[in-house]
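Each chain, written out:
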Amino acid sequence: MHTESARPSVCGIVAAIVVLSLSACGPGSESGESLAAKVKTAETLIPADARLAEIYERSCRVCHVSPDSGAPLAGDTSAWKARFVQGTDTLVDHVRDGFKAMPPHGQCFDCSDDDLRHLTLFMAREREQ
């Protein structure tokens, strides 16, 4: 007769720790929205303008839908809010010039500052100010 152990597996324990760590420390923990929900939102967003959508798909999306990248998730207004405290112009300067883990131009070397501004505002769900 085979009986299953009531002890959780090591993999299960490690997975639980990772999930709890991400939910406690990850982006948006202060708003109560789960990381999974924020990722799902980020994965579904796309700019309405076809040209910007193409740029977003090839240059921005890879980092801004992945919580492991360290980039603020597209649509995660709480993660973007602290960045906008610096002002939109400073934020666009950081995108253009590179800042911390953000590569220069976000790997979009054919993007104008105006493109970078519109894409940043789109990901942050902000309106032009």
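Scroll up to find the structure.
Quick notes on the rules
- Residues numbered from 1 in each chain as written.
- Predicted model: local features only at pLDDT ≥ 70, side-chain atom pairs only at ≥ 80, totals over all residues.
- Heavy atoms only, no water.
- Core = buried A, V, L, I, M, F, W, Y, C linked by side-chain atoms within 4.5 Å.
- Buried < 20%, exposed > 50% of the residue type's maximum accessible area, 1.4 Å probe, protein only.
- Helix = DSSP H or I, 4+ residues; strand = E, 2+ residues; numbered from the N terminus.
- Salt bridge = Lys/Arg side-chain N within 4 Å of Asp/Glu carboxyl O.
- Disulfide = S-S within 2.5 Å.

### A short note on the nonpolar core
Then, number 1: Ile55, Tyr56, Ala74, Trp80, Phe84, Leu119 and Met123 are the most contacted members of the largest nonpolar core, which totals 23 residues.
Then, number 2: Listed by contribution, the elements that provide at least two residues to this core are helix 2 (35-44), helix 3 (50-64), helix 4 (77-84), helix 5 (88-97) and helix 6 (113-124).
Then, number 3: Among the elements that take part in this core, helix 6 stands out by supplying five residues, more than any other.

### Regarding the pattern of salt bridges
Two side chains with opposite charge may pair up if their charged atoms get near one another.
Then, number 1: One pass over the structure, following the stated rule, counts nine salt bridges.
Then, number 2: For the salt bridge of aspartate 115 with arginine 51, the shortest nitrogen-to-oxygen distance reads 2.5 Å. Taken together, the positions of aspartate 115 in helix 6 and arginine 51 in helix 3 put the pair 64 residues apart, joining distant regions of the chain.
Then, number 3: Given the relative accessible area of 47%, arginine 51 is considered partly exposed.
Then, number 4: Measuring nitrogen to oxygen at the nearest pair gives 2.5 Å for the salt bridge that ties aspartate 89 to arginine 117. Here aspartate 89, found in helix 5, pairs with arginine 117, found in helix 6; they are 28 residues apart in sequence, far enough to count as distant.
Then, number 5: Each of Asp93, Arg96, Asp97 and Asp113 takes part in one network of salt bridges that share partners.

### Things to note about the state of the cysteines
Then, number 1: Tallying each qualifying case throughout the model produces one disulfide.
Then, number 2: Paired through a disulfide, cysteine 108 and cysteine 111 show a sulfur-sulfur distance of 1.9 Å. With the S-S bond torsion at 80°, the cross-link from cysteine 108 to cysteine 111 turns out right-handed.
Then, number 3: Not part of a disulfide, cysteine 60 finds its nearest cysteine sulfur in cysteine 111, a span of 6.7 Å.
Then, number 4: Cysteine 60 sits in the buried class, given a relative accessible area of 10%.
Then, number 5: As a non-bridged cysteine, cysteine 63 has cysteine 60 as the owner of its nearest cysteine sulfur, 9.0 Å distant.

Scope: geometric values only; no functional claims are made or implied.
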